[in-house]
Amino acid sequence: MTTAALPRIMVAPNGAQRGKADHPALPVTIPEIVACAAECLAAGADGIHAHVRDAEGRHVLDAGLYAELTAELARAVPGMAVQITTEAVGRYTPAEQRALVARLRPASVSVALREITAEPDTRLTRAFFHDCGAGGTAVQHILYSAEEVDRLAALVADGTIPDRPLQLLHVLGRYSAGQVSSPADLAAPLARQRAAGLQADWAVCAFGPDETGCLLAARRAGGKMRIGFENNLLMADGSLAASNAARVAELVSRLTDPQADQG
């Protein structure tokens, strides 16, 4: 089965770590996430990277909650691509991550390479990726460093990960001091991707106040963009964003302004 391409702009409205104390407009409940998705679709996003939370607001890999959320999103924003996450946040094992995907069979899922390959039995990892491919689940491989690009290339080369179609997300600034990033941070992982010959549908997300600049740099290099409160709460001028939709709208305005997109 074939899988859909990555959205040009994917909003990541909540993530696994932040809550209402960080920003009152950060969506936590399913109704809040659905309302946020609708606002971001209207602002120009064509996909959502979704995390669900339990009753206490904690990130969970709960198939039932994800099934409820995806059903509500399909009803409210039928034109919006939906990607779930397997993020471990130090709580979930590779087996639990694989089980979530096996139960849901989502159209799209993000998987951190460093987390899923912590499984000591490489046969299980290989079976997971090939099952996703056979079932039409698009896996976006989350990469935090240039070295992880090399690791992915090795797994593609030995057949652990199918090489078509291949989706990547380069994460900028997650493990830097103060979790800040700059457009220059894209150079190394992108050079490794090209040197390895990885033909991929790729995107970037970026931590810190220069999120917009990083995403514009990715777009100029031929990539796609993930934006939102998961990684950054600020507008390009350093002011606090009113909402996820405000972040999307600012990015869209920069993309459609030839002068702003010169970089």
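Scroll up for the structure.
If you're wondering where the values come from, they're calculated on a predicted model, not measured in any experiment. (Residues numbered from 1 in each chain as written. Predicted model: local features only at pLDDT ≥ 70, side-chain atom pairs only at ≥ 80, totals over all residues. Heavy atoms only, no water.)

What follows deals with the environment of Ala206. Tracing the backbone through its elements, the reader meets Ala206 in strand β9 (residues 201–206). For the pair formed by Ala206 and Ile33, sequence separation is 173 residues and the distance between their alpha carbons is 21 Å. Here Ala206 is in contact with Leu172, Ser181, Glu211, Cys214, Asn231 and Asn232, once residues within four sequence places are set aside. (Helix = DSSP H or I, 4+ residues; strand = E, 2+ residues; numbered from the N terminus. Contact = heavy atoms within 4.5 Å.)

Turning next to the environment of Pro13. The topology assignment puts Pro13 in the loop between β1 (9–11) and α1 (30–43). Of the residues examined, Pro13 reaches a relative accessible area of 1% and is grouped as buried. Spatially, the C-alpha atom of Pro13 lies 19 Å from that of Pro106, the residues being 93 residues apart in sequence. In contact with Pro13, other than residues within four places in its own chain, are Leu26, Pro27, Cys36, Ile48, His49, Phe229, Glu230 and Asn244. (Buried < 20%, exposed > 50% of the residue type's maximum accessible area, 1.4 Å probe, protein only.)

For the rest of this paragraph, the subject is the side chain of Asn14. For Asn14, the location among the structural elements is in the loop between β1 and α1. Here the side chain of Asn14 touches His51 through a polar contact of 3.2 Å, landing on its backbone oxygen. (Polar contact = N/O pair within 3.5 Å; in protein donor to acceptor, adjacent residues only side chain to side chain.)

Strand order around the closed barrel formed by 8 strands is β1-β2-β5-β6-β7-β8-β9-β10, with parallel pairing between neighbours. When the angles between neighbouring strand axes are averaged without regard to direction, this sheet yields 25 degrees. Of the strand pairs in this sheet, strand β5 (residues 81–85) and strand β6 (residues 108–112) are connected by 2 bridges, and their pairing is parallel. Looking at the pairing, Thr85 lines up with Ser110 of β6. Where helix α6 (residues 146–157) meets the sheet, its contacts fall on β7 (138–143) and β8 (167–172), and the angle it forms with β7 comes to roughly 140 degrees. (Pairing = 2+ DSSP bridges. Axes fitted to C-alpha atoms, helices over the stretch in contact; angles between N-to-C directions.)

Just distances and angles here, no functional claims.
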